[in-house]
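What the coordinates show
Here is how the chains run, residue by residue.
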Amino acid sequence: MRGTAKVFVIMGLTMMALLLLFHLPILKVGDTQLRKVDVLADLDPDGGTHYDSVPDAPEAPKGPWKDVWPKGVEPILDYGSDSTCGMDRFYAALAQGKKLGRPVRIAYLSDSFVEGDIMLVDLRHLLQKHFGNGGLGWLRCRTNFDEGTYAANLSSSGFEVHHVMKRKALSMAHYILPQGYAEVMGNATCSVSSLTGDFATTWKHATVWGFTNSSATVSGAGKTVNWSASNAVQTAQFDAPSMNAFTTSISGNAKVFGMSLENDNGIVLDNFGVRGSSGFNLADMAEGLSVDFAKKRPYDMVVIHFGLNAISRTSTDKTCMWYTDAIKKCVERIKKLYPQSAVLIVSASDMAARNPSTGKVETIPAVEALVGYQRKMAADMQVGFVSIYNVMGGRNSVVKMAEQGIGERDYTHIKRQGGKVVAEKFVKSFIAGFDNYKRKKAAGY
């Protein structure tokens, strides 16, 4: 074969290889997601986006009972039952009220959309106005990224933080629902105080949650609790009739998962968000300690809200399909660890980028496709689903929020004021869902 022919053969084989690579799923190296191989992307006016197989997920669960949703309220679609972690588990806990013997608890697993308690501080406040003040709920003794929190005044020292986005430094045997831990460096302290104004609150029970395979002492409110070596999650609880501040000191060899600040009833919402997370790591939670944590701190609903870190302007329907298939493993893990909880899938939020064809900043095509795949996933997994994309206002809602000054100019995140707007709409979905549950039970279903 002559030299020129060899060149054309090599070029042809290379092109075929690149075209075949397009059909591979999105790969990750460590915590970094690699871009999809698409050698023809520059020839596509839509930037390589193709959505030709978005699933036709059911708009409403089948059954004899039909929920009624007020106009303008985004429905929470319940594809489940008591045996599959459907939404009735959560509504039943709300209906029990004080008879439950503890606050109704929500665990909210997400990414930077809720960083620093954006949206959730308002959602927690609004839920507590309807169902009672269960307290501040869960706080990390030191935030994963030092981003602060809108929920309370928090300060700490003497901790080294390990979280799931830096897995090399994380002990996976201690990876449970809080998504990381703060390791005590000899002696450490953590102080929390309630905000003033609308978010001022009090609590009766302050509990420090941790682990030691050696020994540690935990002090607070004039009391000291000794931890000895154990294979279980350990707690140190401090009680008072009404606290609006709490300081704990910890010494020894300990990993501190966080602390819970609660009352005897009402409702609490625990923020377990981690910046940069796609949610995949949930499938790797350590079963031993996770089971123990679930028994000691049961949740009535676990929210799984991801998507920001899964797609980009050039993502395809295959990206969305691959992503939701991977997240199913995480949902299965949560259902196994929390079989008595409701599981709610919250869709991806609105994201926008500049369209090279029009020059306008607009919702990226992958968002609506991913929302459809996530709804289909919820139906397949027989759990609850709600579209936060619709709650925000749908297409280009994040662009409008940025223009109004309540959204960030990255057209992905929202500001504190934007979170309040979203929470005010979101809470209506929970209230209407509970009203449907009460009508259903009254009708004998």
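The sections below set out a description of the structure shown in this document. (Residues numbered from 1 in each chain as written. Predicted model: local features only at pLDDT ≥ 70, side-chain atom pairs only at ≥ 80, totals over all residues. Heavy atoms only, no water.)

Along the protein, the regular secondary structure elements total 9 helices and 19 strands. The proportion of buried residues among the 445 residues of the protein is 52%. Intrachain contacts of the protein at a sequence separation of at least 6 include 77% that bridge at least 24 residues. (Helix = DSSP H or I, 4+ residues; strand = E, 2+ residues; numbered from the N terminus. Buried < 20%, exposed > 50% of the residue type's maximum accessible area, 1.4 Å probe, protein only. Contact = heavy atoms within 4.5 Å.)

What follows is about the packing of helix H5 (residues 317-337) against helix H6 (residues 365-381). Contact geometry for H5 and H6: axes closest at 9 Å, N-to-C directions at 35°. Here H5 runs over H6; the crossing is right-handed. Across from Asp317, Cys320, Met321, Tyr323, Thr324, Ile327, Lys328, Val331, Glu332 and Lys335 in H5, the residues of H6 making contact are Ala366, Ala369, Leu370, Tyr373, Gln374, Met377, Asp380 and Met381. Looking at side-chain class alone, the contact of H5 with H6 contains 11 nonpolar, 2 polar and 5 charged residues. (Axes fitted to C-alpha atoms, helices over the stretch in contact; angles between N-to-C directions. Left-handed = near helix turned anticlockwise from the far one by under 90°. Nonpolar A, V, L, I, M, F, W, Y, C, P; charged D, E, K, R; others polar.)

Here we take up the packing of helix H3 (residues 120-131) against helix H9 (residues 416-442). H9 packs onto H3 with a crossing angle of 35° between their chain directions and a minimal axis gap of 8 Å. As for how H3 packs across H9, the hand of that crossing is right-handed. Across the interface between the two elements, Val121, Asp122, Leu123, Leu126, Leu127, His130 and Phe131 from H3 touch Arg416, Gly419, Lys420, Ala423, Glu424, Phe426, Val427, Phe430, Ile431 and Phe434 from H9. Among the residues making up the contact of H3 with H9, the classes are represented as 11 nonpolar, 2 polar and 4 charged.

With that settled, consider unusual backbone geometry. Note on backbone geometry: most residues besides glycine have negative phi, and most peptide bonds are trans. You will see that cysteine 85, though not glycine, has its phi angle at about 70°, which is positive. Within the secondary structure layout, cysteine 85 lies in the loop between strand S3 (77-78) and helix H2 (88-96). Of note in the backbone geometry, asparagine 396 takes a positive phi value of approximately 65° without being a glycine.

Helical geometry note: an α-helix holds 3.6 residues per turn, so side chains three or four residues apart project in the same direction. Spanning 17 residues, H6 covers 25 Å between terminal C-alpha atoms, matching the ideal 24 Å at 1.5 Å per step. Most of H6 is tucked away, with 13 of its 17 residues classed as buried. Just beyond H6, the residue with positive phi is glutamine 382, at close to 60°. (Expected span 1.5 Å × (residues − 1).)

Moving on, we get to the layout of surface pockets. Picture a little ball the size of a water molecule; that probe, rolled over the atoms, points out where space is still empty. Approximately 550 Å³ is the volume found for the largest pocket. Around the largest pocket sit 30 residues that line it, and Pro61, Trp65, Asp67, Asp78 and Lys440 are the ones nearest its centre. Listing elements by their share of the lining of the largest pocket, those giving two or more residues are S3, H2 and H9. The biggest single contributor to the lining of the largest pocket is H9, with 5 residues. For the lining of the largest pocket, the per-class residue count stands at 14 nonpolar, 6 polar and 10 charged. (1 Å grid on protein atoms, 1.4 Å probe; cavity = no way out; pocket = protein on both sides within 12 Å on 5 of 7 lines; lining within 4 Å. Points joined across faces, edges and corners; volume = space filled by probe spheres on them.)

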